[in-house]
Amino acid sequence: MTEFNQTGKNILVLFAKDTNSVFSRKSALGSYILSLCALMKEYGNHKFYINGVDNDVPKSTITSIVEPISNSKFSFIKKTLPEKIIRVAKDIRLLNQHLQLEKKLKNLTNIDVVLEFYSYGSLVGYNLSKRLNVPLIVIYDAPIIDEYVFFNHSLPFFFNKVKLREKRTLIQASSIVVYSNPMKDYIFKITRNKSNIRIHQNVDFTRFDIIKNREFNSKINIGFIGSFLRWHRVDLLIEVYTKLKKQGKDVALYLLGDGEEFHKVKKEVELNEFSKDIFLTGFVDNKELSDLKQKIDIGVMPSSNWYGAPNKIFEYAASSMAVVAPDTPTIVDLFENENELLLFKNESSEELYIALLKLIENPQLMNYLSLNLQNKIKQKYSKSNTFNFYNEILLTLK
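Read on for a plain summary of the structure.

Secondary structure assignment for the protein chain yields 16 helices and 13 strands. Radius of gyration (C-alpha) of the protein chain: 22 Å, near the 21 Å computed for a compact globule of 398 residues. Overall, the protein chain is about 65 × 55 × 40 Å in size when its C-alpha atoms are taken along their principal axes. With 398 residues in all, the protein chain has 55% of them scored as buried. In the protein chain, once contacts between residues fewer than 6 apart in sequence are set aside, the share between residues at least 24 apart is 72%.

Spatially, the 7 strands line up as an open sheet ordered β3-β2-β1-β4-β5-β6-β7, and their pairing is mixed. For this open sheet the edge positions go to β3 (53–54) and β7 (197–199), each flanked by a neighbour on one side alone. Relative to strand β4 (residues 113–117), strand β1 (residues 10–14) is paired through 4 bridges, and the arrangement is parallel. Following the sheet pairing, valine 13 is matched in β4 by leucine 115. Most of the contacts of helix α5 (residues 124–132) go to β4, to which it runs at about 175°, and overall it touches β1, β4 and β5 (136–139).

This brings us to the packing of aromatic side chains. For the structure on display, the rule yields 18 aromatic pairs. Considering the side-chain rings of tyrosine 140 and tyrosine 186, the 6.1 Å spacing of their centres and the 35° angle between planes classify their relative orientation as tilted. With tyrosine 140 in the loop between β5 and α6 (144–152) and tyrosine 186 in helix α8 (residues 181–191), the pair connects residues that are 46 residues apart, well separated along the chain. Under the relative-accessibility criterion, tyrosine 186 is labelled buried at 14%. Judged by centre distance (5.4 Å) and plane angle (90°), the rings of phenylalanine 150 and phenylalanine 151 are edge-to-face. Connected via pairs of aromatic rings, a cluster forms that spans Tyr118, Tyr140, Tyr186, Trp306 and Tyr307.

A separate point is the pairing of strand β2 (residues 47–50). In regular strands, side chains alternate between the two faces of the sheet. Judged by which residues are buried, β2 turns out to be covered on both faces: Lys47 and Tyr49 on one side and Phe48 and Ile50 on the other are all buried. The pairing of β1 with β2 spans 4 bridges and is parallel. Counted as the bridge partner of isoleucine 11 is phenylalanine 48 from β2. Pairing analysis gives 2 bridges linking β2 to β3, with the strands arranged antiparallel. Bridge pairing links tyrosine 49 to aspartate 54 in β3.

Here we take up empty space enclosed by the protein. Tallying each qualifying case throughout the model produces 2 cavities of 30 Å³ or more. Within this model, the largest cavity holds a volume of roughly 60 Å³. In terms of lining, the largest cavity is formed by Ile11, Leu36, Met40, Phe48, Leu115, Ile137, Tyr390 and Leu394. If you list the elements that add at least two residues to the lining of the largest cavity, you get α2 (28–44) and α16 (383–396).

Within the secondary structure, glutamine 364 is located in helix α15 (residues 363–380). For the pair glutamine 364 and leucine 341, spaced 23 residues apart in sequence, the C-alpha separation works out to 13 Å.

Inspection of the entire model under this criterion finds 18 salt bridges. For aspartate 277, the salt bridge identified is with lysine 276, shortest N-O distance 3.6 Å. Lysine 276 gets classed as exposed once you look at its relative accessible area, which sits at 67%. Here the salt bridges do not stand alone but share partners, grouping Lys219, Lys245, Lys276 and Asp277 into one network.

Moving on, we come to the packing of helix α14 (residues 349–360) against α15. For any two helices packed against each other, the geometry is given by the interaxial angle and the distance between the axes. Axis separation between α14 and α15 bottoms out at 6 Å; the angle between their running directions is 100°. Between α14 and α15, the angle is such that the two are roughly perpendicular. Contacts from Lys358, Leu359 and Ile360 in α14 reach Pro363, Leu365, Met366 and Leu369 in α15. Residue classes in the contact of α14 with α15 are distributed as 6 nonpolar, no polar and 1 charged.

Attention now goes to helix α10 (residues 262–271). For α10, the set of buried residues is Phe262, Val265 and Val269. What you see down the axis of α10 is that its buried residues fit within an arc of 65°, all on one side. Exposed side of α10, more than 90 degrees from the buried face: His263, Lys267, Glu270 and Leu271 are the residues found there. On its buried face, α10 is in contact with α9 (234–246), β9 (251–256) and β10 (278–282).

This part is about the sheet that holds strand β11 (residues 298–300). Strand pairing in a sheet relies on backbone hydrogen bonds, with the paired strands running either antiparallel or parallel. Reading across the sheet, the 6 strands line up as β10-β9-β8-β11-β12-β13 and stay open at both edges, with parallel pairing between neighbours. Edge positions in the sheet fall to β10 and β13 (342–344), since each of these pairs with one other strand and no more. Averaged over all pairs of adjacent strands, the angle between their axes in this sheet comes to 20°, without regard to strand direction. Relative to β11, strand β8 (residues 220–225) is paired through 2 bridges, and the arrangement is parallel.

Calculation notes
Throughout this document, residue positions are counted from 1 along each chain, in the order its sequence is written. Whole-chain, interface and lining totals are the exception, using all residues; otherwise, since this is a predicted model, local features are given only for residues with pLDDT of at least 70 and side-chain atom pairs are given and counted only at 80 or more. Calculated side-chain values reflect all of the structure's heavy atoms, with hydrogen atoms and water omitted. Counting from the N terminus, the helices are DSSP H or I runs at least four residues long and the strands are E runs at least two residues long. C-alpha atoms define the radius of gyration, and 2.2 Å times the number of residues to the power 0.38 defines the globule rule. Whether a residue is buried, partly exposed or exposed follows from its accessible area with a 1.4 Å probe, protein chains only, as a fraction of its type maximum: under 20%, in between, or over 50%, in that order. Two residues form a contact once any of their heavy atoms are found within 4.5 Å. Here, a strand pair is defined by DSSP locating no fewer than two bridges between the strands. Only the contacting stretch of a helix is used when fitting its axis, a line to C-alpha atoms as for every element, and angles between N-to-C directions run 0 to 180 degrees. A pair of Phe, Tyr and Trp rings is counted when the ring centres sit within 6.5 Å of each other, with Trp represented by its six-membered ring. The angle between the planes then sorts it: under 30 degrees is stacked, over 60 is edge-to-face, the rest tilted. Think of a 1 Å grid over just the protein atoms. A cavity is a set of points where a 1.4 Å probe fits yet cannot get out, a pocket is an open set with protein on both sides within 12 Å along at least five of seven lines, and lining residues have an atom within 4 Å of a point. Grid points are joined across faces, edges and corners, and a volume is the space filled by probe spheres set on the points. When a carboxyl oxygen of Asp or Glu lies within 4 Å of a side-chain nitrogen of Lys or Arg, that pair is called a salt bridge. Throughout, the term roughly parallel applies to angles under 35 degrees, roughly antiparallel to angles over 145, roughly perpendicular to angles from 65 to 115, and oblique to all others. Three classes are used: nonpolar for Ala, Val, Leu, Ile, Met, Phe, Trp, Tyr, Cys and Pro, charged for Asp, Glu, Lys and Arg, and polar for all others, with Gly counted as polar. In this context, the arc is that of the directions from the helix axis out to the C-beta atoms.

Geometric descriptors of this kind do not, in isolation, establish any biological role.
Written as structure tokens, this is what we have:
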């Protein structure tokens, strides 16, 4: 076994869904996990083992827990089997992967805390917390059944097992971290206990580019940064951008990212009559991403679900963009409309259009909102505040 650090806590970080995605910059949650580990290590000298992997080892040496199915093989399976059977097979494979992860970690010792970023069907954190007799912290990112239904259009075959595992894990947890009061209420309905639920944001500081003294020019650049997923409705943003152009507004559109909807969006861009002012970059990072952020005046979250974590808003705010976002319960809970950003009715292209038009025609309002929102992010969700939040949890664990 690796020699453990004796000055801070030795923390086993779990993401049972997939080890590899944690170390991929294309994974928003993975990047956040690494960012949090780096922050806690820097400020508190804690030691982290992500799914048993020492966070200090070269990431090129990391191998999968299980061998992934090749694209060609998976495509063949999708063509030959009913969709329901495919879903059941994927769930069986995932649950087996959890067992393999537990076996991989069976000889792990000298762990002080298990910190699990909870994922669908996992009982790994619960079992290891029990076996090692150490506290369990759960960071709960999304309601697992809601998310499953969104992607699969049906309840899971193993619904009862998945719900029971979720409940056992949450009840076992000494502390549960969520990012809004609506999520806190959701957890309470499962555990009937609010005393161990705390609210803090999943802020990825590696994606923060603090831009000061932004100047808004006559041509306004509207932007979206993130994963192209169905619930993000990038198509809605393209529709509103097109309407603004037809109204003679001097705007450009920057779409930065990748994901399952990328090719669909790419086709829409190619067919758009104003495509010369649409910049579809694919996945970008580091200096290229920083340079592009400096060009974007208004950051847009085109759509979300009721629980969606507003990571984009934090990233936009750090870069001093004015922000437009949907009025979902989580976003309404966290931000002040008209003082920090502009909200519009979720899924409404007309209200998104009105909000963007209001900013485009009022540079003073853009400046006011961008300054207020950036100040809030720097003060409330700073590195030091994030460290103090988690360090307090670690220090009070029994």
